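# Analysis of the macromolecular model
Here is what each chain is made of, one letter per residue.
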Amino acid sequence: MTIAYTAHPLKVLQLTDPHLMASADGALLGVNTRDSLAAVIDEVLRNHGQPDLILATGDLTQDASSEAYRYFGEQLKAFNCPSLWIAGNHDDSDLLASIAAEFQ
């Protein structure tokens, strides 16, 4: 893969282990995972601006549901850059790859 020279360093954002669930009120250890992801995205945009690439590492979901993957993809629309999704042990690799492709 050849990458064109840019005038600034490549800004990579790693989002890891959001543990999202199909249910909007899904919580892990008492924390609503959707609210947690929203807070992270707000923090990044407020204090760091737009990245050039997002590296999303699992566990993206807690329940390996298509709803959770699609929710994640919708949230990434806050950023104007490509993303790479990597499954964790709670993820379904094939389903994740299929839905990630919808958001590229």
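Presented here is an overview of the structure given in this document. (Residues numbered from 1 in each chain as written. Predicted model: local features only at pLDDT ≥ 70, side-chain atom pairs only at ≥ 80, totals over all residues. Heavy atoms only, no water.)

## What about the sheet that holds strand β4 (residues 53-57)?
- In space, the 3 strands of this open sheet follow the order β1-β4-β5, with parallel pairing throughout. Of all the strands in the sheet, the pair left with one neighbour each is β1 (12-16) and β5 (83-86). Neighbour-to-neighbour, the strand axes of this sheet turn through a mean angle of 15°, independent of strand direction.
- Bridging between β1 and β4 involves 5 bridges; their strand directions are parallel. Each bridged residue has a counterpart across the sheet, and for L15 the counterpart in β4 is A56. (Pairing = 2+ DSSP bridges. Helix = DSSP H or I, 4+ residues; strand = E, 2+ residues; numbered from the N terminus. Axes fitted to C-alpha atoms, helices over the stretch in contact; angles between N-to-C directions.)

## Section: unusual backbone geometry
- Geometrically, the link from G58 to D59 is a cis peptide bond, its omega value of 25° lying close to zero.
- Located in the positive-phi region is H19, a residue other than glycine, with phi close to 50°.
- A residue is classified by how much of its surface remains accessible, and H19, at 11% relative accessible area, is buried.
- In the Ramachandran plot, A64 falls in the positive-phi region, its phi being about 55° despite a non-glycine side chain.
- Position of A64 relative to the elements: it lies in the loop between β4 and α2 (66-75). (Buried < 20%, exposed > 50% of the residue type's maximum accessible area, 1.4 Å probe, protein only.)

## Examining the nonpolar core
- Ranked by internal contacts, the top residues of the largest apolar core, which has 19 residues, are I54, L60, F72, L76, F79 and W85.
- Looking at this core, the elements with two or more residues in it are β1, α1 (33-47), β4, α2 and α3 (93-102).
- Excluding residues within four positions of it along the chain, L76 makes contact with L15, I54, S83 and W85. (Core = buried A, V, L, I, M, F, W, Y, C linked by side-chain atoms within 4.5 Å. Contact = heavy atoms within 4.5 Å.)

## What to know about the packing of α1 against α2
- Where α1 contacts α2, the axes come no closer than 11 Å and their chain directions differ by 20°. When the axes of α1 and α2 are compared, the pair comes out roughly parallel. Taken as a pair, α1 and α2 cross one another with a handedness that is right-handed. Along the contact surface, α1 presents R34, L37 and I41, while α2 presents E67, Y71, F72 and Q75.
- Of the residues in the contact of α1 with α2, the class split is 4 nonpolar, 1 polar and 2 charged. (Parallel < 35°, antiparallel > 145°, perpendicular 65-115°, else oblique. Left-handed = near helix turned anticlockwise from the far one by under 90°. Nonpolar A, V, L, I, M, F, W, Y, C, P; charged D, E, K, R; others polar.)

## Examining the packing of α2 against α3
- Interhelical geometry of α2 versus α3 gives an angle of 35° and a closest axis separation of 10 Å. Considering only the axes of α2 and α3, their crossing is right-handed. Here α2 contributes S66, Y69 and R70 to the contact with α3, which in turn contributes L95, L96, I99 and E102.
- Looking at side-chain class alone, the contact of α2 with α3 contains 4 nonpolar, 1 polar and 2 charged residues.

## Details of the pattern of salt bridges
- Under the counting rule described, the total for this entry stands at 3 salt bridges.
- Residue R46 is joined to E43 by a salt bridge in which the shortest nitrogen-to-oxygen separation is 3.2 Å. Here R46 pairs with E43, and both are found in helix α1, just 3 residues apart, close to one helical turn.
- Residue E43 is classed as partly exposed on the basis of its relative accessible area, which comes to 36%.
- E74 is the partner of K77 in a salt bridge, and the nearest nitrogen-oxygen pair spans 3.2 Å.
- According to the relative accessible area criterion, K77 is exposed, its value standing at 52%. (Salt bridge = Lys/Arg side-chain N within 4 Å of Asp/Glu carboxyl O.)

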